[in-house]
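So the chains spell out like this:
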Amino acid sequence: LKTPTFVAPDEGAIERTQKVMDELKIKKEIAYMKKERTPSGVYSTLYGKVSKNAVVIDDILDTGETLLACCEILKFAGAENIHIFVTHGLFTKKQWTKLFDFNVKKIYCTDSIPQVKNLKIDNLFILSIKPLLKEYKGIS
C-alpha cells in the first residue's frame, strides 16, 4: 500500500498501532476511533485524517463488531483499500464477514488460536507464529 493511514479501531489500540509504525519506521499521525458500546451496538467516532489506503491494527477479531464500526466509518471517510491485521482470530458467528462490504481487501491473522487454521476464506491470510516461538523460546 502506498502511503497508508494507520488506524487504531479504538483508543486501547493506539499504543499497539504506534509500536507497529515504530517497527516500520513510519512517522505519521495515527487515525483512531473512540468507541462507545450501547445496547443496540458499537458506535465509533473517527479522529484524524484517512487516505485511500488504510491499515487497521487490532488485537482480537471475535464477532467483528468493533472492526465493522471502524471500517464502515473508514469507507465513508474515503478509504478504498482497507487491510486489517489482528493478533488473535476467534471469528465467532459470521457477522465479521461483512467487513468485506466495507472495502476490506485483506485480513491478516496469526494462528495463535488453533481453529483459525480451519477457515478457508478468500482474503483471509493466516500467519504462523511458529517462527516467533522458535526464535524466542528455542522451540523446534
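For the structure itself, look to the data block above.
The following paragraphs examine the structure supplied in this document. None of these values were measured; they are calculated from a predicted model. (Residues numbered from 1 in each chain as written. Predicted model: local features only at pLDDT ≥ 70, side-chain atom pairs only at ≥ 80, totals over all residues. Heavy atoms only, no water.)

### Examining the sheet that holds strand β4 (residues 53–61)
Phase 1: An order of β3-β2-β1-β4-β5-β6-β7 is seen for the 7 strands of this open sheet, with the pairing classed as mixed. Edge positions in the sheet fall to β3 (41–47) and β7 (124–127), since each has one partner strand and no second. Here the average twist between neighbouring strands, direction ignored, is 25°.
Phase 2: Relative to β3, strand β2 (residues 31–38) runs antiparallel, the two sharing 7 bridges. Bridge pairing links E36 to Y43 in β3.
Phase 3: This element, helix α1 (residues 14–23), spans β1 (5–8), β2 and β4 of the sheet and lies at about 150° to β1.
Phase 4: Relative to β3, helix α2 (residues 65–76) is tilted by about 45°, and along the sheet it contacts β1, β2, β3, β4, β5 (81–89) and β6 (104–110). (Pairing = 2+ DSSP bridges. Helix = DSSP H or I, 4+ residues; strand = E, 2+ residues; numbered from the N terminus. Axes fitted to C-alpha atoms, helices over the stretch in contact; angles between N-to-C directions. Contact = heavy atoms within 4.5 Å.)

### Details of the pattern of salt bridges
Phase 1: Counted by the stated rule, this structure contains 4 salt bridges.
Phase 2: Here D10 ties to K35 by a salt bridge, and the two come within 3.4 Å at their closest N and O atoms. Of this pair, D10 sits in the loop between β1 and α1 while K35 sits in strand β2, and the two are 25 residues apart along the sequence.
Phase 3: Put simply, E15 and K19 hold a salt bridge, and the shortest N to O gap is 3.5 Å. Taken together, the residues E15 and K19, both in helix α1 and 4 residues apart, mark about one turn of the helix.
Phase 4: One network of salt bridges, with partners in common, ties together R16, D58 and D59. (Salt bridge = Lys/Arg side-chain N within 4 Å of Asp/Glu carboxyl O.)

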